[in-house]
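Architecture and fold: a report
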Amino acid sequence: MYNDNPTLKGISKEIDEKKQGEVFFQGTDAKTGKHFYIESYGCQMNFSDSEIVASILAGEGYSPTRNMEESDLILINTCSIREKAEDTVRKRLRIFDKVKSNRPGTIVGVLGCMAERLKQKFLEEEKLVDLVVGPDAYRDLPKLIGTAEEGDKGINVFLSREETYADISPLRLGTNGVSAFISIMRGCDNMCSFCVVPFTRGRERSRNAFSIVAEATDLYEKGYREVTLLGQNVDSYKWENPESKNVVNFAHLLERVAKIHPDLRIRFSTSHPKDITDEVLHTMAAYENICKYIHLPVQSGNSRVLKLMNRTYDREWYKERVESIYRIMPDCAISSDIIAGFCTETEEEHQDSLSMVEWANYSMSYMFFYSERPGTLAHRKYEDDIPLAIKKRRLQEIIRLQNQVSFRHNQADIGKTFKVLIEGDSKKSDQEFKGRNSQNKMIVFPKKEGLKAGDYVQVKVHEATSATLKGELVG
Ligand code: 5AD
Ligand code: SF4
């Protein structure tokens with residue numbers, strides 16, 4: 001779910017490169033006349049959190065602006081997943097510093113994972129930062145802004161075991177009016193040894209299922225046609241109704257959301273290979289509007305490395321899960337996350353990651369070289385012993401192979417007709433629409449009068465690169 005390395009092609013995450021740092025905007029009239037400007041980095045969860053933050057600020061009379069020079073409050077929602085992500089944030093802070101020196105009184109705030117990781121240190125290192133707010137403390141923003149307005153520093157990095165922001169209706173920002181994120185859980189209990197997320201986002205907790213269904217229903221009624229249910233590990237979603245004591249698992253939740261309306265598409269991210277059940281797969285198969293696409297990060301194709309990574313499954317287990325997916329849903333696409341050059345990884349073990357790309361036939365992958373993160377299990381237990389040049393070479397090999405596999409995967413779609421949800425104009429031309437099929441592949445096709453974003457159409461594919469399909473309307 002992350003992207004922080006726009007220089008290497010083929011590694012962008014679900015939030016594509018262009019959207020990284022995207023400034024959220026939606027014109028509203030503010031009661032106070034005050035404006036906030038927010039940039040978001042990292043995973044979809046961060047983008048979703050920014051919409052919660054926007055909603056809280058709107059409640060205080062702030063309205064969003066695209067122009068940081070005219071804003072009273074500049075916020076950056078940060079990512080700590082790799083060193084590169086943090087470097088990007090520090091560069092942006094230099095820019096904000098300049099704006100602030102031209103416009104004294106502007107409040108600069110750091111939100112999200114980096115705020116949580118660095119805590120007080122942020123205020124010491126970055127003198128012009130006024131607010132440091134962790135992912136579970138956004139309700140406290142109005143008070144912290146008040147503190148900053150009085151000239152003090154506002155900090156709250158308390159991690160909660162309960163906070164899910166279930167009652168806050170996100171202010172949809174930068175929206176295409178067709179697809180929206182819904183956060184269904186927060187935190188992560190998995191402790192993958194390379195990962196900083198359990199430290200920055202705290203313990204796993206699931207959101208009230210009724211509030212999720214209500215949010216999805218509201219989106220459908222407002223014209224949205226696709227929701228993506230978000231969590232670090234959606235397969236371990238579990239919510240107990242305090243009254244009936246009924247337990248809702250992820251398969252149940254998927255079903256409840258799918259039943260809202262057949263024209264509301266459901267996607268989800270991220271699945272964990274150790275937790276994804278056949279029950280979930282059968283539920284996906286049973287509902288046409290649950291998209292046939294699973295992001296199932298393997299991280300490494302080698303069992304010894306997976307053990308060091310503390311992923312709690314091995315190569316055979318992962319292959320069995322992939323086989324079950326293709327058995328239950330032959331038309332399902334699978335994508336992955338892969339880390340090259342984890343501690344002690346040998347050339348043979350790296351070959352196992354390559355062979356997994358080929359074997360699993362991933363439609364696409366997000367690929368990274370290992371970046372040691374302070375405080376993680378791997379940092380404490382293992383030496384980061386693979387030289388950077390070797391990590392990068394292995395990463396390039398994985399990217400090259402994935403590009404070939406994606407190309408082949410897409411070529412196999414030529415001649416097929418897909419149901420596509422129109423998202424808007426294609427990047428290249430206002431004469432063309434873009435939209436996704438159930439398998440999450442972007443398809444570009446010439447427009448026809450009367451059609452608009454949010455409509456479903458049938459598109460026959462006649463051309464494919466490793467990234468996009470091209471086709472024409474049929475029927
Ligand atoms: N170094 C490199 N990649 C990492 N990821 C998580 N932590 C690290 C790290 N320390 C990758 C994993 C994860 C994705 C979100 O980011 O592949 O699935
Ligand atoms: Fe990190 Fe593993 Fe949790 Fe994903 S499942 S957020 S990789 S600890």
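Everything below is about the structure printed above this text.
Please read all numbers here as calculations on a predicted model, not as lab measurements. (Residues numbered from 1 in each chain as written. Chains lettered and ligands numbered in written order. Predicted model: local features only at pLDDT ≥ 70, side-chain atom pairs only at ≥ 80, totals over all residues. Heavy atoms only, no water.)

Bringing the overall build of the protein into the picture now. Secondary structure summary: the protein contains 14 helices and 21 strands in total. Since a compact globule built from 475 residues should have a radius of gyration of about 23 Å, the 22 Å found for the protein is in line with a globular shape. Its C-alpha atoms put the protein at 60 × 60 × 50 Å along the principal axes. In the protein, which comprises 475 residues, the share counted as buried stands at 59%. For the protein, restricting intrachain contacts to residue pairs at least 6 apart in sequence, the fraction spanning at least 24 positions comes to 72%. (Helix = DSSP H or I, 4+ residues; strand = E, 2+ residues; numbered from the N terminus. Rg over C-alpha atoms; globule rule 2.2 N^0.38 Å. Buried < 20%, exposed > 50% of the residue type's maximum accessible area, 1.4 Å probe, protein only. Contact = heavy atoms within 4.5 Å.)

Turning our eyes to something else, we now look at the sheet that holds strand 15 (residues 333-340). Taken in spatial order, the three strands of this open sheet run 14-15-16, and their pairing is parallel. Each edge of the open sheet is held by one strand with a lone partner, namely strand 14 (293-295) and strand 16 (364-369). Strand-to-strand, the axes of this sheet are offset by a mean angle of 10°, without reference to chain direction. Examined bridge by bridge, strand 15 and strand 16 share six bridges and lie parallel to one another. Among the inter-strand pairings, S335 is bridged to a residue of strand 16, identified as M364. (Pairing = 2+ DSSP bridges. Axes fitted to C-alpha atoms, helices over the stretch in contact; angles between N-to-C directions.)

It is worth spelling out the packing of aromatic side chains at this point. A complete count under the given rule lists nine aromatic pairs for this structure. Relative to Y382, the ring of F342 lies with its centre 6.3 Å away and its plane at 80°, an arrangement referred to as edge-to-face. Placement of F342 in the loop between strand 15 and helix 12 (347-360) and of Y382 in the loop between helix 13 (377-381) and helix 14 (388-411) is noted, with a sequence separation of 40 residues between them. The two residues F342 and Y382 agree in class, both being buried. The rings of F194, F342, Y370 and Y382 are connected pair by pair, giving a single aromatic cluster. In this structure, R90 is placed above the aromatic ring of F122, and the distance from its NZ or CZ to the ring centre is 5.8 Å. One cation-aromatic arrangement involves R256 over F210; the distance from NZ or CZ to the ring centre is 5.6 Å. (Phe/Tyr/Trp six-rings, centres within 6.5 Å; stacked < 30°, edge-to-face > 60°. Lys NZ or Arg CZ within 6 Å of the ring centre and 35° of its normal.)

For the rest of this paragraph, the subject is the site of ligand 2. Surrounding ligand 2, one finds C188, N190, M191, C192, F194, C195, V197, P198, Q232, H272 and R311. Of the residues that constitute the shell around ligand 2, the class distribution is seven nonpolar, three polar and one charged. (Near = heavy atom within 4 Å. Nonpolar A, V, L, I, M, F, W, Y, C, P; charged D, E, K, R; others polar.)

Quick look at the environment of S71 now. Relative to the elements of secondary structure, S71 occurs in the loop between strand 2 (62-64) and strand 3 (73-78). With a relative accessible area of 0%, S71 lands in the buried category. Along the primary structure S71 and Y37 are separated by 34 residues, whereas in three dimensions their C-alpha atoms are 6.0 Å apart. Contacts of S71, omitting those with residues within four sequence positions, involve H35, F36, Y37, T65, R103 and T106.

With that settled, consider the pattern of salt bridges. Under the counting rule described, the total for this entry stands at 41 salt bridges. Two residues, E126 and R94, come together in a salt bridge whose shortest N-O distance is 2.4 Å. With a gap of 32 residues between them, E126 in the loop between helix 4 (120-125) and strand 5 (131-133) and R94 in helix 2 (residues 83-102) connect regions that are remote in the sequence. The class of R94 is partly exposed, set by a relative accessible area of 42%. (Salt bridge = Lys/Arg side-chain N within 4 Å of Asp/Glu carboxyl O.)

What follows covers the pairing of strand 1 (residues 34-40). Counting buried positions over the seven residues of strand 1 gives five, a clear majority of the element. Pairing of strand 1 with strand 2, which is carried by three bridges, proceeds in the parallel orientation. By the bridge assignment for strand 2, F36 is matched with P64. Bridge count for strand 1 against strand 3 is five bridges, and the pairing is parallel. In the strand pairing of strand 3, S40 is matched with N77.

For the rest of this paragraph, the subject is the side chain of R265. Examined against the element boundaries, R265 turns out to sit in strand 13 (residues 265-269). Here R436 takes part through its backbone oxygen, which lies 2.9 Å from a polar atom of the side chain of R265. Setting aside anything within four residues of it in sequence, one finds R265 in contact with R225, E226, V227, N289, C291, K419, V420, L421, R436, N437, S438 and Y456. (Polar contact = N/O pair within 3.5 Å; in protein donor to acceptor, adjacent residues only side chain to side chain.)

By the burial criterion, the buried members of helix 8 (residues 250-258) are F250, A251, L253, L254, V257 and A258. All buried residues of helix 8 project into a common sector of 160° when viewed along the axis, lining one side. Tucked inside the fold, the buried residues of helix 8 contact helix 7 (209-221), strand 10 (226-230), strand 12 (247-249), strand 13 and helix 9 (278-286). (Arc of directions from axis to C-beta.)

Take the side chain of E226 next. With respect to the helices and strands, the residue E226 is situated in strand 10. Note on E226: relative accessible area 4%, which makes it buried. Reaching out from E226, the side chain makes a polar contact with the side chain of R267 at a distance of 3.0 Å. Once residues within four sequence positions are removed from consideration, E226 is found in contact with V178, S179, A180, L264, R265, R267, L421 and E423.

This next bit is on the pairing of strand 20 (residues 456-464). Pairing of strand 17 (residues 417-425) with strand 20, which is carried by five bridges, proceeds in the antiparallel orientation. By the bridge assignment, L421 is partnered in strand 20 with Y456. Between strand 20 and strand 21 (residues 469-474), which pair antiparallel and follow one another directly, the connecting turn spans four residues.

Each neighbour pair has its own omega, and for S269 with T270 the value is 10°, a cis peptide bond. Mapped onto the elements of the fold, T270 is located in the loop between strand 13 and helix 9. For K245, which is not glycine, the phi torsion reads 65° and is therefore positive. Relative to the helices and strands, K245 resides in the loop between strand 11 (238-240) and strand 12.

Sheet architecture is open: six strands sit in the order 2-1-3-4-5-6, paired in parallel fashion. The sheet is open, and its two borders are formed by strand 2 and strand 6 (154-156), each paired with just one other strand. Recorded for the sheet is a direction-independent mean angle of 20° between the axes of neighbouring strands. The strands that helix 5 (residues 141-149) touches are strand 1, strand 2, strand 3, strand 4 (107-112), strand 5 and strand 6; relative to strand 5, the one it contacts most, it runs at about 160°.

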